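So you can see what is in the structure, the chains are spelled out below.
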Amino acid sequence: MSNSPQNKTPPCVLQILPRLGVGGVERTTLDVSRALAGAGWRSIVASAGGALQEAVTRGGSKHITLPLHSKNPATVLANVARLRNCIREHRVDILHARSRMPAWSALMASRWCGVPLVTTYHSTVHEAPAWKRWYNSVMTRGDVVTAASHYNGGRIRSAHGDFRARLEVIVAGIDMNAFDPARCDSAQLSRLRTSWGADGRTVAMLPGRLDKNKGHEVFIEALARMKPPRLLGVIVGGSAKASGRIYQESLHQRVRALGLEGDVVFAGTIDADDIPLAYAAADIIVAPSVFAEPFGRVAVEAQAMERVIVASDIGGFRETICTDPSARTGWLVEVGSAEALAQALGEVAALEASERTGIGRRARIDAAAKFSLKQMCEKTLELYRQILSQNLP
(Lines give C-alpha, C1' and ligand atoms only; values in the text may rest on other atoms or scores of the structure.)
Protein backbone atom coordinates (compact mmCIF):
# COMPACT_ATOMS: atom_id res chain seq x y z
CA MET A 1 0.00 0.00 0.00
CA SER A 2 3.06 2.25 -0.10
CA ASN A 3 3.03 5.47 -2.09
CA SER A 4 6.30 4.65 -3.80
CA PRO A 5 8.17 7.14 -5.98
CA GLN A 6 6.26 5.81 -9.03
CA ASN A 7 3.00 7.14 -7.61
CA LYS A 8 2.05 10.80 -7.89
CA THR A 9 0.66 11.08 -4.37
CA PRO A 10 3.32 12.43 -2.01
CA PRO A 11 4.38 10.01 0.72
CA CYS A 12 2.61 10.26 4.05
CA VAL A 13 4.03 10.03 7.57
CA LEU A 14 1.75 9.58 10.57
CA GLN A 15 3.33 10.61 13.89
CA ILE A 16 1.57 9.49 17.06
CA LEU A 17 1.97 10.59 20.67
CA PRO A 18 -0.28 10.83 23.75
CA ARG A 19 -0.93 14.58 23.79
CA LEU A 20 0.30 17.77 22.17
CA GLY A 21 1.45 19.64 25.24
CA VAL A 22 4.51 21.88 25.35
CA GLY A 23 7.26 19.38 26.25
CA GLY A 24 10.28 18.35 24.22
CA VAL A 25 8.57 15.33 22.63
CA GLU A 26 5.64 17.43 21.48
CA ARG A 27 7.80 20.21 20.11
CA THR A 28 9.97 17.73 18.21
CA THR A 29 6.79 16.24 16.70
CA LEU A 30 5.70 19.73 15.66
CA ASP A 31 9.13 20.51 14.16
CA VAL A 32 9.18 17.31 12.09
CA SER A 33 5.57 17.81 10.94
CA ARG A 34 6.47 21.28 9.66
CA ALA A 35 9.54 19.93 7.89
CA LEU A 36 7.46 17.24 6.20
CA ALA A 37 4.84 19.71 5.03
CA GLY A 38 7.55 22.10 3.85
CA ALA A 39 9.17 19.32 1.81
CA GLY A 40 5.87 18.52 0.08
CA TRP A 41 5.12 15.34 2.04
CA ARG A 42 1.73 14.59 3.54
CA SER A 43 2.00 14.92 7.31
CA ILE A 44 -0.47 13.67 9.91
CA VAL A 45 -0.20 13.88 13.69
CA ALA A 46 -2.51 11.80 15.90
CA SER A 47 -2.91 12.59 19.59
CA ALA A 48 -5.49 13.43 22.23
CA GLY A 49 -4.92 17.10 21.42
CA GLY A 50 -3.36 19.86 23.44
CA ALA A 51 -1.71 23.26 23.37
CA LEU A 52 0.30 22.64 20.18
CA GLN A 53 -2.56 21.19 18.14
CA GLU A 54 -3.29 24.49 16.42
CA ALA A 55 0.39 24.98 15.64
CA VAL A 56 0.47 21.54 13.97
CA THR A 57 -2.42 22.36 11.65
CA ARG A 58 -1.13 25.87 11.03
CA GLY A 59 2.15 24.32 9.90
CA GLY A 60 0.45 22.37 7.12
CA SER A 61 -0.23 19.03 8.80
CA LYS A 62 -3.48 17.27 9.57
CA HIS A 63 -4.32 16.48 13.17
CA ILE A 64 -6.47 13.48 14.10
CA THR A 65 -7.81 13.33 17.63
CA LEU A 66 -7.51 9.86 19.14
CA PRO A 67 -7.38 8.75 22.82
CA LEU A 68 -3.71 7.81 22.52
CA HIS A 69 -3.04 9.12 26.03
CA SER A 70 -5.10 6.34 27.60
CA LYS A 71 -3.48 3.42 29.41
CA ASN A 72 -6.76 1.50 29.60
CA PRO A 73 -6.08 -1.87 27.89
CA ALA A 74 -9.43 -1.79 26.11
CA THR A 75 -8.69 1.67 24.72
CA VAL A 76 -5.20 0.63 23.66
CA LEU A 77 -6.68 -2.27 21.69
CA ALA A 78 -9.39 -0.04 20.23
CA ASN A 79 -6.66 2.35 19.10
CA VAL A 80 -5.22 -0.43 16.96
CA ALA A 81 -8.36 -0.43 14.84
CA ARG A 82 -8.49 3.38 14.83
CA LEU A 83 -4.93 3.59 13.58
CA ARG A 84 -5.57 0.88 11.00
CA ASN A 85 -8.49 2.88 9.63
CA CYS A 86 -6.38 6.02 9.57
CA ILE A 87 -3.54 4.26 7.75
CA ARG A 88 -5.91 2.93 5.11
CA GLU A 89 -7.96 6.09 4.69
CA HIS A 90 -4.97 8.40 4.30
CA ARG A 91 -2.67 5.90 2.58
CA VAL A 92 -0.01 6.27 5.26
CA ASP A 93 3.46 5.09 4.25
CA ILE A 94 5.32 5.35 7.57
CA LEU A 95 4.04 5.19 11.13
CA HIS A 96 6.21 7.01 13.68
CA ALA A 97 5.47 6.41 17.38
CA ARG A 98 6.96 8.80 19.92
CA SER A 99 5.71 7.32 23.19
CA ARG A 100 5.48 3.86 24.70
CA MET A 101 1.76 3.28 25.23
CA PRO A 102 0.74 4.53 21.77
CA ALA A 103 3.62 2.47 20.37
CA TRP A 104 1.88 -0.75 21.43
CA SER A 105 -1.16 0.21 19.35
CA ALA A 106 1.10 1.38 16.53
CA LEU A 107 3.06 -1.88 16.50
CA MET A 108 -0.07 -3.96 16.00
CA ALA A 109 -1.54 -1.54 13.45
CA SER A 110 1.67 -1.41 11.43
CA ARG A 111 1.87 -5.18 11.22
CA TRP A 112 -1.82 -5.41 10.35
CA CYS A 113 -1.45 -2.93 7.48
CA GLY A 114 2.08 -3.79 6.40
CA VAL A 115 3.58 -0.33 6.87
CA PRO A 116 6.98 0.32 8.46
CA LEU A 117 7.13 1.48 12.08
CA VAL A 118 9.66 4.00 13.35
CA THR A 119 9.91 4.69 17.08
CA THR A 120 11.76 7.45 18.88
CA TYR A 121 12.89 6.60 22.39
CA HIS A 122 12.44 10.04 23.94
CA SER A 123 12.03 8.81 27.51
CA THR A 124 14.53 7.63 30.09
CA VAL A 125 15.66 4.05 29.48
CA HIS A 126 15.02 1.77 32.47
CA GLU A 127 16.83 -1.54 32.98
CA ALA A 128 14.81 -2.46 36.07
CA PRO A 129 12.35 -3.64 37.15
CA ALA A 130 11.94 -6.37 34.55
CA TRP A 131 8.28 -5.59 33.86
CA LYS A 132 9.12 -1.99 33.00
CA ARG A 133 11.96 -3.03 30.74
CA TRP A 134 9.51 -5.33 28.91
CA TYR A 135 6.90 -2.55 28.68
CA ASN A 136 9.49 -0.16 27.25
CA SER A 137 10.78 -2.79 24.83
CA VAL A 138 7.95 -1.91 22.45
CA MET A 139 10.15 0.98 21.35
CA THR A 140 12.62 -1.53 19.89
CA ARG A 141 10.07 -3.82 18.21
CA GLY A 142 9.47 -1.80 15.08
CA ASP A 143 11.72 -1.46 12.04
CA VAL A 144 13.85 1.50 13.10
CA VAL A 145 14.37 3.03 16.54
CA THR A 146 15.88 6.49 16.84
CA ALA A 147 17.57 8.11 19.84
CA ALA A 148 18.06 11.83 20.43
CA SER A 149 21.59 11.43 21.79
CA HIS A 150 24.47 8.99 21.75
CA TYR A 151 23.99 8.63 25.50
CA ASN A 152 20.44 7.41 25.05
CA GLY A 153 21.43 5.18 22.16
CA GLY A 154 23.91 3.45 24.45
CA ARG A 155 21.30 3.11 27.18
CA ILE A 156 18.88 1.48 24.72
CA ARG A 157 21.50 -1.10 23.76
CA SER A 158 22.37 -1.74 27.39
CA ALA A 159 18.76 -2.22 28.51
CA HIS A 160 17.40 -4.17 25.56
CA GLY A 161 20.43 -5.99 24.18
CA ASP A 162 20.04 -7.41 20.69
CA PHE A 163 16.86 -6.44 18.90
CA ARG A 164 15.66 -6.57 15.33
CA ALA A 165 15.15 -2.84 14.83
CA ARG A 166 17.89 -0.74 13.31
CA LEU A 167 19.15 1.87 15.79
CA GLU A 168 19.83 5.39 14.52
CA VAL A 169 21.02 8.40 16.53
CA ILE A 170 19.43 11.58 15.26
CA VAL A 171 20.59 14.30 17.61
CA ALA A 172 17.72 16.52 18.69
CA GLY A 173 17.67 20.07 17.41
CA ILE A 174 16.03 23.40 18.07
CA ASP A 175 14.88 26.28 15.89
CA MET A 176 17.81 28.70 15.98
CA ASN A 177 15.64 31.41 14.45
CA ALA A 178 13.03 31.15 17.21
CA PHE A 179 15.72 30.93 19.88
CA ASP A 180 17.62 34.05 18.88
CA PRO A 181 18.31 36.80 21.42
CA ALA A 182 18.42 39.39 18.64
CA ARG A 183 14.68 38.87 18.08
CA CYS A 184 13.73 39.78 21.65
CA ASP A 185 12.14 43.19 22.20
CA SER A 186 13.94 45.20 24.87
CA ALA A 187 10.71 46.70 26.21
CA GLN A 188 9.18 43.24 26.64
CA LEU A 189 12.33 42.03 28.36
CA SER A 190 12.19 44.94 30.76
CA ARG A 191 8.52 44.32 31.58
CA LEU A 192 9.13 40.62 32.20
CA ARG A 193 12.08 41.27 34.51
CA THR A 194 10.04 43.87 36.38
CA SER A 195 7.19 41.36 36.82
CA TRP A 196 9.72 39.01 38.43
CA GLY A 197 11.01 41.76 40.69
CA ALA A 198 14.39 41.38 39.06
CA ASP A 199 15.37 45.02 38.50
CA GLY A 200 19.05 45.34 39.38
CA ARG A 201 19.42 41.66 40.31
CA THR A 202 21.15 38.72 38.65
CA VAL A 203 18.54 36.14 37.65
CA ALA A 204 19.02 32.36 37.67
CA MET A 205 16.07 30.70 35.95
CA LEU A 206 15.00 27.06 36.11
CA PRO A 207 12.58 26.31 33.23
CA GLY A 208 10.53 23.11 32.93
CA ARG A 209 7.51 21.33 34.26
CA LEU A 210 7.08 20.97 38.01
CA ASP A 211 8.49 17.50 38.58
CA LYS A 212 10.78 16.22 41.32
CA ASN A 213 13.18 14.88 38.73
CA LYS A 214 13.90 18.42 37.50
CA GLY A 215 15.74 19.29 40.71
CA HIS A 216 13.76 22.29 41.96
CA GLU A 217 14.53 21.36 45.56
CA VAL A 218 18.26 21.26 44.84
CA PHE A 219 18.00 24.70 43.23
CA ILE A 220 16.19 26.22 46.22
CA GLU A 221 18.68 24.69 48.65
CA ALA A 222 21.57 26.03 46.55
CA LEU A 223 20.14 29.57 46.66
CA ALA A 224 19.89 29.31 50.44
CA ARG A 225 23.60 28.41 50.66
CA MET A 226 24.74 31.46 48.69
CA LYS A 227 25.99 34.53 50.47
CA PRO A 228 24.03 37.80 50.13
CA PRO A 229 23.33 39.48 47.84
CA ARG A 230 21.70 36.32 46.54
CA LEU A 231 20.69 35.61 43.01
CA LEU A 232 17.00 35.87 42.24
CA GLY A 233 15.78 32.36 41.49
CA VAL A 234 12.94 32.24 38.96
CA ILE A 235 11.08 28.96 38.49
CA VAL A 236 9.20 28.88 35.18
CA GLY A 237 6.72 26.09 34.54
CA GLY A 238 3.74 24.38 36.06
CA SER A 239 1.75 21.18 36.03
CA ALA A 240 -1.87 20.37 35.31
CA LYS A 241 -1.63 17.24 37.43
CA ALA A 242 -2.69 17.14 41.07
CA SER A 243 0.71 15.70 41.97
CA GLY A 244 2.36 18.72 40.35
CA ARG A 245 0.27 21.14 42.38
CA ILE A 246 1.11 19.26 45.58
CA TYR A 247 4.78 19.37 44.65
CA GLN A 248 4.60 23.11 44.00
CA GLU A 249 3.08 23.71 47.43
CA SER A 250 5.91 21.71 49.00
CA LEU A 251 8.39 23.96 47.19
CA HIS A 252 6.61 27.06 48.48
CA GLN A 253 6.83 25.65 52.00
CA ARG A 254 10.55 25.02 51.61
CA VAL A 255 11.10 28.56 50.34
CA ARG A 256 9.31 29.93 53.41
CA ALA A 257 11.22 27.65 55.76
CA LEU A 258 14.53 28.88 54.35
CA GLY A 259 13.50 32.53 54.44
CA LEU A 260 13.79 32.91 50.67
CA GLU A 261 10.43 34.60 50.02
CA GLY A 262 12.16 37.58 48.39
CA ASP A 263 14.67 35.45 46.51
CA VAL A 264 12.50 32.87 44.70
CA VAL A 265 9.75 33.65 42.21
CA PHE A 266 7.30 31.07 40.84
CA ALA A 267 6.51 32.50 37.41
CA GLY A 268 4.07 29.76 36.39
CA THR A 269 3.50 28.37 32.92
CA ILE A 270 4.22 30.59 29.93
CA ASP A 271 3.19 30.26 26.30
CA ALA A 272 5.57 28.30 24.07
CA ASP A 273 6.13 31.40 21.91
CA ASP A 274 7.31 33.32 24.99
CA ILE A 275 9.90 30.78 26.14
CA PRO A 276 12.81 32.45 24.27
CA LEU A 277 11.88 35.78 25.89
CA ALA A 278 12.05 34.17 29.33
CA TYR A 279 15.55 32.83 28.59
CA ALA A 280 16.65 36.26 27.41
CA ALA A 281 15.28 37.90 30.56
CA ALA A 282 17.46 35.66 32.73
CA ASP A 283 21.23 35.85 33.22
CA ILE A 284 21.89 32.20 34.09
CA ILE A 285 19.86 29.11 33.18
CA VAL A 286 19.81 26.20 35.60
CA ALA A 287 19.01 22.55 34.87
CA PRO A 288 19.74 20.65 38.11
CA SER A 289 18.01 17.43 37.06
CA VAL A 290 18.39 14.52 39.46
CA PHE A 291 17.82 11.93 36.74
CA ALA A 292 19.58 11.38 33.44
CA GLU A 293 17.73 13.27 30.72
CA PRO A 294 18.09 11.55 27.35
CA PHE A 295 18.97 14.85 25.65
CA GLY A 296 18.31 17.89 27.82
CA ARG A 297 16.66 20.43 25.53
CA VAL A 298 16.91 23.24 28.10
CA ALA A 299 20.70 23.29 27.86
CA VAL A 300 20.66 23.76 24.08
CA GLU A 301 17.90 26.37 24.19
CA ALA A 302 19.86 28.32 26.81
CA GLN A 303 23.01 28.24 24.70
CA ALA A 304 21.10 29.31 21.59
CA MET A 305 19.88 32.31 23.60
CA GLU A 306 23.49 33.11 24.57
CA ARG A 307 22.88 32.35 28.23
CA VAL A 308 25.26 30.54 30.56
CA ILE A 309 23.89 27.11 31.51
CA VAL A 310 24.59 25.30 34.78
CA ALA A 311 23.36 21.70 34.68
CA SER A 312 23.77 18.33 36.35
CA ASP A 313 26.72 16.24 35.23
CA ILE A 314 24.56 13.43 33.91
CA GLY A 315 22.93 12.03 30.78
CA GLY A 316 22.55 14.11 27.63
CA PHE A 317 23.90 17.27 29.28
CA ARG A 318 27.38 15.81 28.91
CA GLU A 319 26.95 15.90 25.13
CA THR A 320 25.42 19.35 24.88
CA ILE A 321 27.59 21.36 27.29
CA CYS A 322 31.32 21.95 26.87
CA THR A 323 33.21 22.53 30.14
CA ASP A 324 36.70 22.82 28.63
CA PRO A 325 37.93 26.19 29.97
CA SER A 326 39.25 27.15 26.53
CA ALA A 327 35.90 26.51 24.83
CA ARG A 328 33.44 26.60 27.72
CA THR A 329 29.73 26.88 27.00
CA GLY A 330 28.50 26.06 30.51
CA TRP A 331 29.05 24.31 33.83
CA LEU A 332 28.31 20.73 34.91
CA VAL A 333 27.86 20.02 38.61
CA GLU A 334 27.48 16.99 40.84
CA VAL A 335 23.99 15.53 40.65
CA GLY A 336 21.78 16.38 43.64
CA SER A 337 24.43 18.51 45.36
CA ALA A 338 23.10 21.88 46.49
CA GLU A 339 26.60 22.81 47.61
CA ALA A 340 28.13 22.13 44.18
CA LEU A 341 25.31 24.00 42.45
CA ALA A 342 25.69 26.99 44.79
CA GLN A 343 29.41 27.09 44.11
CA ALA A 344 28.94 27.02 40.33
CA LEU A 345 26.23 29.69 40.46
CA GLY A 346 28.57 31.83 42.54
CA GLU A 347 31.36 31.41 39.99
CA VAL A 348 29.12 32.42 37.10
CA ALA A 349 27.62 35.37 38.98
CA ALA A 350 31.14 36.61 39.82
CA LEU A 351 32.17 36.74 36.15
CA GLU A 352 32.48 40.09 34.46
CA ALA A 353 29.55 40.85 32.17
CA SER A 354 31.90 40.69 29.19
CA GLU A 355 33.03 37.19 30.20
CA ARG A 356 29.43 35.92 30.45
CA THR A 357 28.67 37.53 27.10
CA GLY A 358 31.67 35.81 25.51
CA ILE A 359 30.63 32.41 26.85
CA GLY A 360 27.08 32.99 25.64
CA ARG A 361 28.14 33.92 22.11
CA ARG A 362 30.43 30.91 21.89
CA ALA A 363 27.59 28.72 23.15
CA ARG A 364 25.24 29.93 20.42
CA ILE A 365 27.80 29.19 17.72
CA ASP A 366 28.30 25.70 19.15
CA ALA A 367 24.55 25.05 19.36
CA ALA A 368 24.02 26.17 15.76
CA ALA A 369 26.78 23.84 14.55
CA LYS A 370 25.63 20.76 16.46
CA PHE A 371 21.98 21.04 17.46
CA SER A 372 20.09 22.93 14.78
CA LEU A 373 16.52 22.08 13.90
CA LYS A 374 17.45 22.08 10.22
CA GLN A 375 20.03 19.36 10.76
CA MET A 376 17.66 17.19 12.81
CA CYS A 377 14.82 17.49 10.30
CA GLU A 378 17.05 16.78 7.32
CA LYS A 379 18.34 13.60 8.94
CA THR A 380 14.81 12.52 9.90
CA LEU A 381 13.47 13.00 6.37
CA GLU A 382 16.48 11.20 4.94
CA LEU A 383 15.70 8.26 7.24
CA TYR A 384 12.12 8.23 5.96
CA ARG A 385 13.40 8.20 2.35
CA GLN A 386 15.71 5.28 3.12
CA ILE A 387 12.83 3.32 4.65
CA LEU A 388 10.62 3.88 1.61
CA SER A 389 13.43 2.92 -0.77
CA GLN A 390 13.99 -0.33 1.15
CA ASN A 391 10.29 -1.26 1.06
CA LEU A 392 10.12 -2.04 4.77
CA PRO A 393 8.74 -3.97 6.53
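What counts and how
- Residues numbered from 1 in each chain as written.
- Predicted model: local features only at pLDDT ≥ 70, side-chain atom pairs only at ≥ 80, totals over all residues.
- Heavy atoms only, no water.
- Helix = DSSP H or I, 4+ residues; strand = E, 2+ residues; numbered from the N terminus.
- Salt bridge = Lys/Arg side-chain N within 4 Å of Asp/Glu carboxyl O.
- Buried < 20%, exposed > 50% of the residue type's maximum accessible area, 1.4 Å probe, protein only.

With that settled, the discussion passes to unusual backbone geometry. Along the chain, Pro-228 connects to Pro-229 via a cis peptide bond; the corresponding omega equals -5°. With respect to the helices and strands, Pro-229 occurs in the loop between α8 (216-225) and β9 (232-236). Phi at Arg-91 takes a positive value of approximately 55°, unusual for a residue other than glycine. With respect to the helices, strands and loops of the structure, Arg-91 is situated in the loop between α3 (73-90) and β4 (94-97). Even without a glycine there, the phi angle at Glu-306 is positive, about 60°. Among the structural elements, Glu-306 can be located in the loop between α11 (297-304) and β12 (308-312).

Our focus in this paragraph is the pattern of salt bridges. Applying the stated criterion to the full structure yields 20 salt bridges. With a shortest N-O distance of 3.8 Å, Arg-364 and Asp-180 are connected by a salt bridge. With Arg-364 in helix α14 (residues 353-370) and Asp-180 in the loop between β7 (166-169) and α7 (186-196), this pair connects stretches of sequence that are 184 residues apart. Between Lys-374 and Glu-378 there is a salt bridge whose closest N-O contact spans 2.7 Å. In this pair, Lys-374 and Glu-378 are both assigned in helix α15 (residues 373-389), 4 residues apart and thus about one turn of the helix distant. We classify Lys-374 as exposed; its relative accessible area is 58%. By relative accessible area, which is 45% here, Glu-378 ends up partly exposed. Taken together, the shared-partner salt bridges connect Arg-27, Asp-31, Arg-297 and Glu-301 into one network.

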